[in-house]
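# Remarks on the overall topology
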Amino acid sequence: MKERKEKLYIFDTTLRDGEQTPGVNLTPEEKLVIAKQLEKLGVDIIEAGFAISSPADFKAISQIAKEIEKCEVCSLARAKEEDIKAAWEALKEAKKPRIHTFIATSDIHLKYKLKISREEALKRAVWAVKFAKEISQGKAKVEFSAEDASRSEVNYLLDVFEAVVEAGADVINVPDTVGYALPDEFYELIKKIKERIKDKAIISVHCHNDLGLAVANSLMAIKAGARQVECTINGIGERAGNAALEEIVMAIFVRKDKFPVYTDIDTTQIYRTSKLVSRLSGIMVSKTKPIVGDNAFAHESGIHQHGVLSNPLTYEIMKPETVGRKESQIVLGKHSGRHAFEKKLKELGFNLNKEEFEKAFIKFKELASNKKEIYDADIETLIENLFGSEHKPKYELISHQVISGGTTIPTATIKIKENGTEKLGLAIGNGPVDATYNAIKKALNLENVKLVDFKIRALTAGTDAQAEVYVTLEKDGIKVASRGQDPDIVKASALAFLNALNRLERKKTYEKSYPECQGI
Ligand code: KIV
Ligand code: ZN
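Let us look at the structure shown here. Only a predicted model underlies this, so the values are computations on that prediction, with no experimental measurement involved.

### Some points on helix H14 (residues 376–387)
Between the first and last C-alpha of H14 there are 17 Å, a value that for twelve residues agrees with the 16 Å anticipated at 1.5 Å per step. The buried fraction of H14 amounts to nine of the twelve residues, a majority that puts the element mostly inside the structure. Buried residues of H14: Asp376, Ala377, Asp378, Ile379, Glu380, Thr381, Leu382, Ile383 and Glu384, and no others.

What follows is the structure, given as structure tokens:
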């Protein structure tokens, strides 16, 4: 007899734990764009942020709560009255709200971080779950997480879970907060929890990747009875990140024979979601990253190429189309008209109004006069550059010029608007990009801004491709990552630098207005 499969709930925490990746600082508008794509992808729960942690997070959660129709929208909250109140305030207009409250249960966290006893932590956990139900008048689903569960004393952990379920928790989450667990022991832990809790609540897991085991641990947990996994797009998150959504979903899809569950993820949306998150977070995806890396479906060796041409199954365990990867096609050129452009926009999922369309069309014609072949990625970049963020940035690039090559000393001139005022910088450097960065620093009188990371790559094929530059900057202990795109690599580098400066400004503004939110 065929086994009946159970639903596995996909809880996406890209916008909360993923945003805790060092250097990532998404605006509420960017979070909303990602949330809408997550809804298209078919995740069940979107953890949109940590309402009390900053006004920006609060705003992002409320906007996402208002606009998302199908998914549950969730906010994190410590087991504290002010956190749970803030979470509910941000979520109250959601069609399906969820409050996610947590407290640590391991002795090391209780002793050194919270400085409370096991009994006190249990009491607070039960109180938090009851309070979350009460304040939302039963409208919100309540999830409870035992932070550092995998390093907690197991009988105590079971008691805590039993008590919160008794208090009304709908979901109990088992985080491997520091990525310490091994797959076989995590399986045993989930099995014990399932034996104690039975079907009184959904068991969830939340695995970090410090030992590279987050996905393996999540999969073993599913085998032991977990029916919710918490994960992020591209596996972004604190330190080595969280379990990658695309890897868990595709493991279950490809190895259906081994799992008693199904997901409602539309796998064809995976690649697009990965690209969007990478672009907006400024965190580049490694070429060899499973499912979404550039090389995940590339075949280099002659033997492999021959095999794949005869039958793709020789070296491919899934089709690139299944995860939404198509050969990047040449789509448009300088002769393409309005109709073709409009059709392409629709195909890529952009719905622009008349005014936005006209703006985009002018930009498209400008790009087409510089670039022979326009790829899907070029168009996505163009639209995102035009409408990606509602923020008026502090710094805007007006023009730049570089002299370099042969025996000339690389020299850059740059004109930038700083809060509407034009600033001019002139500098030399080791190469054209170095000269440009020195010119920016001169123009803006920047001190103590450190370039921590710089990466460049071509977005599409051909020497006229769009260049994508990723930079990470550090100032006063704050790190931010950002990117810039343009067919001209020096301009892309300048845009990346200015975008990162704009992010630094936004981060500083929020932190100055709400100092009490720091260090949560
Ligand atoms: O890693 C962790 O323990 C968390 C919890 C707040 C769920 O992110
Ligand atoms: Zn986490």
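### Describing the coordination of the zinc ion (ligand 2)
Distances from the zinc ion (ligand 2) to its protein donors, Asp17 (OD), His206 (NE2) and His208 (NE2), fall within 2.0 to 2.1 Å. Mapping the donors of the zinc ion (ligand 2) onto the primary sequence yields the spacing D-x188-H-x1-H. Of the two residues, aspartate 17 sits in the loop between strand E2 (9–12) and helix H1 (28–41) while histidine 208 sits in the loop between strand E8 (202–207) and helix H8 (214–224), which places them 191 residues apart along the sequence. In this pair, the class of aspartate 17 matches that of histidine 208, namely buried.

### Quick word on the nonpolar core
Membership of the largest hydrophobic core comes to 98 residues, with the highest contact counts inside it found for Phe144, Phe161, Ile172, Val174, Ile190 and Ile193. With eight residues, the single largest contributor to this core is helix H6 (residues 154–166). With sequence-adjacent residues up to four places away left out, phenylalanine 144 is seen in contact with Thr101, Phe102, Ile103, Ala125, Val129, Val160, Phe161, Val164, Ala169, Val171, Ile172 and Asn173.

### Section: the side chain of serine 278
With respect to the helices, strands and loops of the structure, serine 278 is situated in helix H10 (residues 270–281). By relative accessible area, serine 278 is classed as buried at 4%. Of note is the side chain of serine 278, whose polar atom sits 3.1 Å from the side chain of tyrosine 470. Apart from the residues within four sequence positions on either side, serine 278 is in contact with Asn234, Ile283, Met284, Val285, Tyr470 and Arg483.

### Section: the packing of aromatic side chains
Counted by the stated rule, this structure contains ten aromatic pairs. When the ring of phenylalanine 357 is compared with that of phenylalanine 361, the centres are 6.1 Å apart and the planes differ by 15 degrees; the resulting orientation is stacked. Residue phenylalanine 357 and its partner phenylalanine 361 are both found in helix H13 (residues 354–370); the two are separated by four residues, about one turn of the helix. For the pair shown, phenylalanine 357 and phenylalanine 361 are each scored as buried. Geometrically, the ring pair formed by phenylalanine 361 and phenylalanine 364 is tilted, given 6.0 Å between the ring centres and 35 degrees between the ring planes. Here phenylalanine 361 and its partner phenylalanine 364 are both found in helix H13, three residues apart, which amounts to about one turn of the helix. Owing to a relative accessible area of 7%, phenylalanine 361 belongs among the buried residues under this scheme. Members of the aromatic cluster, each reached through a chain of ring pairs, are Phe341, Phe357, Phe361 and Phe364. The ring of phenylalanine 259 carries the charged tip of lysine 223 above its face, separated from the ring centre by 5.0 Å. Lying over the aromatic face of phenylalanine 253, lysine 256 brings its terminal NZ or CZ to 3.9 Å of the ring centre.

### A look at the environment of lysine 192
Within the secondary structure, lysine 192 sits in helix H7 (residues 183–197). When its relative accessible area of 41% is taken as the criterion, lysine 192 is described as partly exposed. Linking lysine 192 and leucine 332, residues 140 residues apart in sequence, is a C-alpha distance of 58 Å.

### Topic: the site of ligand 1
Residues in contact with ligand 1, as listed here, are Arg16, Asp17, His100, Phe102, Ser145, Glu147, Asn173, Pro175, Thr177, His206 and His208. Arginine 16 places a polar side-chain atom, nitrogen or oxygen, 3.0 Å from an oxygen atom of ligand 1. Summarising the interface, the protein chains cover 94% of the accessible area of ligand 1, which totals 260 Å² for the free molecule. Elements with a minimum of two residues in the shell around ligand 1: strand E5 (97–104), strand E6 (141–147) and strand E7 (171–176). A breakdown of the residues in the shell around ligand 1 according to their chemical character gives two nonpolar, six polar and three charged.

Calculation criteria
By convention here, each chain's residues receive numbers from 1 onward along its written sequence. All chains are assigned letters beginning at A, and all ligands numbers beginning at 1, according to the order in which they are written. Totals for whole chains, interfaces and linings use all residues, but because this is a predicted model, local features are given only for residues with pLDDT of at least 70 and pairs of side-chain atoms are given and counted only at 80 or more. For the side-chain quantities, the full set of heavy atoms in the structure was used; hydrogens and water were omitted. A helix here means a DSSP run of H or I that spans at least four residues, while a strand means a run of E at least two residues long, and both kinds are numbered starting from the N terminus. Every helix has an expected span of 1.5 Å times one less than the residues it contains. Burial classes: relative accessible area under 20% of the type maximum marks a residue as buried, over 50% as exposed, and values in between as partly exposed (1.4 Å probe, protein chains only). Listed donor atoms are N, O and S within 2.8 Å of the metal (Na, K and Ca: 3.2 Å). As water is not included, a site may look incomplete. Nine residue types can take part in a nonpolar core, namely buried Ala, Val, Leu, Ile, Met, Phe, Trp, Tyr and Cys, and a core is a set of them joined through side-chain atoms within 4.5 Å. Residues count as neighbours in contact if any of their non-hydrogen atoms are within 4.5 Å of one another. We define a polar contact as two N or O atoms separated by no more than 3.5 Å, with the added condition that, inside protein, one atom must be a possible hydrogen donor and the other a possible acceptor, whereas residues neighbouring each other in sequence contribute only through side-chain atom pairs. For Phe, Tyr and Trp, where Trp contributes only its six-membered ring, two rings pair if their centres lie within 6.5 Å, and the inter-plane angle classes them as stacked under 30 degrees, edge-to-face over 60, or tilted in between. Comment: the charge-over-ring label is applied if NZ (Lys) or CZ (Arg) is within 6 Å of the ring centre and within 35 degrees of the ring normal. Residues are labelled near a given molecule or strand when at least one of their non-hydrogen atoms is within 4 Å of it. Using the Shrake-Rupley algorithm and a 1.4 Å probe, accessible areas are obtained, with residue cover drawn only from the displayed protein chains. Only Asp, Glu, Lys and Arg are considered charged, only Ala, Val, Leu, Ile, Met, Phe, Trp, Tyr, Cys and Pro nonpolar, and every remaining residue, Gly among them, polar.

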